[in-house]
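Secondary and tertiary structure notes
Single-letter residue listing:
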Amino acid sequence: MARAGRVVRGCLDLLGRTIEPGITTKELDRLAEKYIRSEGGIPTFKGYRGFPGSICASPNDMVVHGIPGRVRLREGDILGVDVGVTMDGYVADAASTFPVGEIAEDAQRLLRVTQESLMKGIAQCRIGNRVGDISHAVQTHAEAHGYSVVQSMVGHGVGRDMHEDPQVPNFGPPGQGPELREGMVLAIEPMINMGGFEVEIGADSWAVYTKDGSLSAHFEHTVAITKNGPLILTVAEVAGV
Ligand code: MG
């Protein structure tokens, strides 16, 4: 899973360096697929329940699950990119939201706080804690900054399949839910809206938008629970692997 995670990170880093005004999300998708396959991985999302892309590319008020296409990015946009890679039968899954050129200060703040919320959640990934401790940490940080947490979609266990038990909500009380045990691997993925938490599905029945049209950000890591604490697998180098 760490090998898959390294390719996920390499792909996100490559896309982060490539994203600029004028590029289309389809061009990013082609680049991502080429990179993942050149590293010996399989783009997990491609064909998943009929999803046509190798990445999800979700601009501005789109929360997640954007099908890459003719959307041409413009200066000031933000773009959520979600990448899944399968290697040797195991999956890693991560997402980042990138600025396109110069973005407004309030958008910068949304990106920063969403990433911080993810890291607050990851800090709770300790043996003996419960899933609700992750959920509560994410929600508390996001709401303290006046943002709302998407509730209809959640993080998840990850392993041989992209979506395994348990579900990992980004909201809820601490001390509840399944206990975290050594060796569990979770995809933690706050989806944070600048406005209300409500979302709606687009005409292609994939894209998820904020109902009020406000900006939304998404950051995700695949994280293993170890006796030494949380081990993030979707980074360039995983210690000891
Ligand atoms: Mg995920």
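Everything that follows concerns the structure shown earlier in this document.
Looking now at the layout of surface pockets. One simple way to see leftover space: roll a probe sized like a water molecule over the atoms. Volume-wise, the largest pocket comes out at about 510 Å³. In terms of lining, the largest pocket is formed by 23 residues, of which the most central are Y48, H65, V154, H156 and H163. The element contributing the most residues to the lining of the largest pocket is strand β8 (residues 164-168), with three residues. Here the lining of the largest pocket is composed, by residue class, of ten nonpolar, seven polar and six charged. Lining the second largest pocket we find T25, A57, P59, M62, G66, I67, G69, R70, V71, D204, A207 and Y209. Partitioning the lining of the second largest pocket into residue classes produces seven nonpolar, three polar and two charged.

Donor atoms from the polypeptide that bind the magnesium ion are D93 (OD), H156 (NE2), E189 (OE) and E220 (OE), placed at 2.2 to 2.3 Å. When the donors of the magnesium ion are listed by position in the chain, the intervening gaps give D-x62-H-x32-E-x30-E. In this pair, D93 is assigned in strand β5 (residues 90-99) and E220 in the loop between β13 (216-218) and β14 (221-226), connecting sequence segments 127 residues apart. No difference in accessibility class separates D93 from E220, as the two residues are buried.

Applying the stated criterion across every chain yields a total of seven salt bridges. The salt bridge involving D88 is made with R3; its shortest N-O contact spans 2.9 Å. Taken as a pair, D88 in the loop between β4 (78-87) and β5 and R3 in helix α1 (residues 2-18) lie far apart in primary sequence, 85 residues in all. Among the residues examined, R3 registers a relative accessible area of 47% and is labelled partly exposed. Residue E179 pairs with R130 through a salt bridge whose shortest N-O separation is 3.8 Å. With a gap of 49 residues between them, E179 in the loop between β8 and β9 (185-188) and R130 in the loop between α3 (105-123) and α4 (131-144) connect regions that are remote in the sequence.

Reading guide: rules and limits
- Residues numbered from 1 in each chain as written.
- Predicted model: local features only at pLDDT ≥ 70, side-chain atom pairs only at ≥ 80, totals over all residues.
- Heavy atoms only, no water.
- 1 Å grid on protein atoms, 1.4 Å probe; cavity = no way out; pocket = protein on both sides within 12 Å on 5 of 7 lines; lining within 4 Å.
- Points joined across faces, edges and corners; volume = space filled by probe spheres on them.
- Helix = DSSP H or I, 4+ residues; strand = E, 2+ residues; numbered from the N terminus.
- Nonpolar A, V, L, I, M, F, W, Y, C, P; charged D, E, K, R; others polar.
- Donors = N, O, S within 2.8 Å, 3.2 Å for Na, K, Ca; no water.
- Buried < 20%, exposed > 50% of the residue type's maximum accessible area, 1.4 Å probe, protein only.
- Salt bridge = Lys/Arg side-chain N within 4 Å of Asp/Glu carboxyl O.

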